[in-house]
Amino acid sequence: MSARSNAAQRQNQLKQAVADAAIDEIAPHLAADTIIGVGTGSTATLFIKALGKLKDRFAAAVASSDASAELLKAEGIDVVDLNSAGTLPFYVDGADEITPDFAMIKGGGAALTREKIVAAGSTTFICIADGSKLVDTLGQFPLPVEVIPMARSYVARELVKLGANPIYREGVTTDNGNQILDLYNFMIEDPVAMEDTLNGITGVVCNGLFAHRGADILLLGREDGVVRSERRASNA
């Protein structure tokens, strides 16, 4: 097996470890009427598979994407709309990048808008990630921006003015019928301010900065095990 294959296998093991840790985190709080928010992506998929073993201990889930909804249904878990669910006790999802202050870049799977909505509608956001996702400054991973199709070129020009290199993610349509611009070469020193700036551009639906509503709990998979940490009160 090549070094690259070994690294990929180890990363998958770390993702599985944090998915299992998230199950341990929420299991004591499950009840017959509990509805859980579930994210999208490779780590969230592992969480969904583990969650299926507990399907008889809670009521349903709210999915942040059509893809996750189908995975949940395949596990025998009922999927409900957020409008009918009320405030969710937990939202469990991964991150493309996360800082020590728990600001994140999300949206590599193009589900950023629904992910942000479900996160906003949840009391506790549990981020599950392998150790490679922890960074001091966001921006090595390209930041996704969801845009109304007719505004794509205009928004791209405005993003260039901010110093970004926006690249249209061709062939991708979000579950909301929109398009994605990925911002390359765009390091983000102040995630909260930049989240506001990007959302202020006409034609932007949402951006992949989760700074105003970052994670509350981080379960980080490292070589020596899963490290659990909570957001500091000063950043709440």
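Residues numbered from 1 in each chain as written. Predicted model: local features only at pLDDT ≥ 70, side-chain atom pairs only at ≥ 80, totals over all residues. Heavy atoms only, no water.

1. Focus: the sheet that holds strand E9 (residues 179–184)
Thinking step 1. Here four strands make up an open sheet; going across it, the order is E8-E9-E7-E10 and the pairing antiparallel. Two strands in the sheet have a free side with no partner beyond their single neighbour: strand E8 (165–168) and strand E10 (204–207). On average, each strand axis in the sheet is tilted by 30° relative to the strand beside it, whichever way the strands run.
Thinking step 2. Pairing between E8 and E9: four bridges, direction antiparallel. Within E9, the position partnered with Asn-165 by the bridge is Tyr-184.
Thinking step 3. Contacting strand E7 (143–147), E9 and E10, helix H7 (residues 191–199) crosses the sheet at an angle of about 160° to E10. (Pairing = 2+ DSSP bridges. Helix = DSSP H or I, 4+ residues; strand = E, 2+ residues; numbered from the N terminus. Axes fitted to C-alpha atoms, helices over the stretch in contact; angles between N-to-C directions. Contact = heavy atoms within 4.5 Å.)

2. Description of the nonpolar core
Most often, soluble globular proteins have nonpolar side chains that are buried together.
Thinking step 1. One finds Ile-26, Val-38, Phe-47, Leu-51, Leu-72, Ile-126 and Ile-128 to be the most contacted residues of the largest nonpolar core, which totals 28 residues.
Thinking step 2. Listed by contribution, the elements that provide at least two residues to this core are helix H1 (3–26), strand E1 (35–38), helix H2 (42–51), strand E2 (60–63), helix H3 (66–74), strand E3 (88–93), strand E6 (122–130) and strand E12 (217–222).
Thinking step 3. Among the elements that take part in this core, H1 stands out by supplying six residues, more than any other.
Thinking step 4. Ignoring sequence-local partners within four residues, the contact set of Leu-51 consists of Ile-23, Ile-26, Ile-36, Val-38, Phe-58, Leu-72 and Ile-77.
Thinking step 5. Counting 22 residues, the second-largest nonpolar core is a separate cluster that includes Val-147, Val-155, Val-204 and Ala-211. (Core = buried A, V, L, I, M, F, W, Y, C linked by side-chain atoms within 4.5 Å. Buried < 20%, exposed > 50% of the residue type's maximum accessible area, 1.4 Å probe, protein only.)

3. Here we look at the packing of aromatic side chains
Thinking step 1. By the definition in use, this model includes one aromatic pair.
Thinking step 2. With 5.0 Å between their ring centres and 55° between their planes, Tyr-91 and Phe-125 make a pair best called tilted. One end of the pair, Tyr-91, is in strand E3; the other, Phe-125, is in strand E6, and 34 residues separate them in sequence. Residue Tyr-91 shares its accessibility class with Phe-125, and that shared class is buried.
Thinking step 3. Over the aromatic face of Phe-210 sits the side chain of Lys-106, whose NZ or CZ is 5.6 Å from the ring centroid. (Phe/Tyr/Trp six-rings, centres within 6.5 Å; stacked < 30°, edge-to-face > 60°. Lys NZ or Arg CZ within 6 Å of the ring centre and 35° of its normal.)

4. Comments concerning the state of the cysteines
Thinking step 1. Tallied over the full model, the rule gives zero disulfides.
Thinking step 2. Cys-206 provides the cysteine sulfur closest to Cys-127, a residue in no disulfide bond, and the two sulfurs are 16 Å apart.
Thinking step 3. Of the residues examined, Cys-206 reaches a relative accessible area of 6% and is grouped as buried. (Disulfide = S-S within 2.5 Å.)

5. Observations concerning the pattern of salt bridges
A pair can form between side chains of opposite charge whenever their charged atoms are brought close.
Thinking step 1. Inspection of the entire model under this criterion finds 13 salt bridges.
Thinking step 2. Residues Glu-25 and Arg-228 are paired through a salt bridge, measuring 2.9 Å at the closest nitrogen-oxygen approach. Linking Glu-25 in helix H1 with Arg-228 in strand E13 (residues 225–230), this pair joins segments that are 203 residues apart in sequence.
Thinking step 3. Its relative accessible area of 18% is what places Glu-25 among the buried residues.
Thinking step 4. On the basis of relative accessible area, Arg-228 is assigned to the partly exposed category, the value being 41%. (Salt bridge = Lys/Arg side-chain N within 4 Å of Asp/Glu carboxyl O.)

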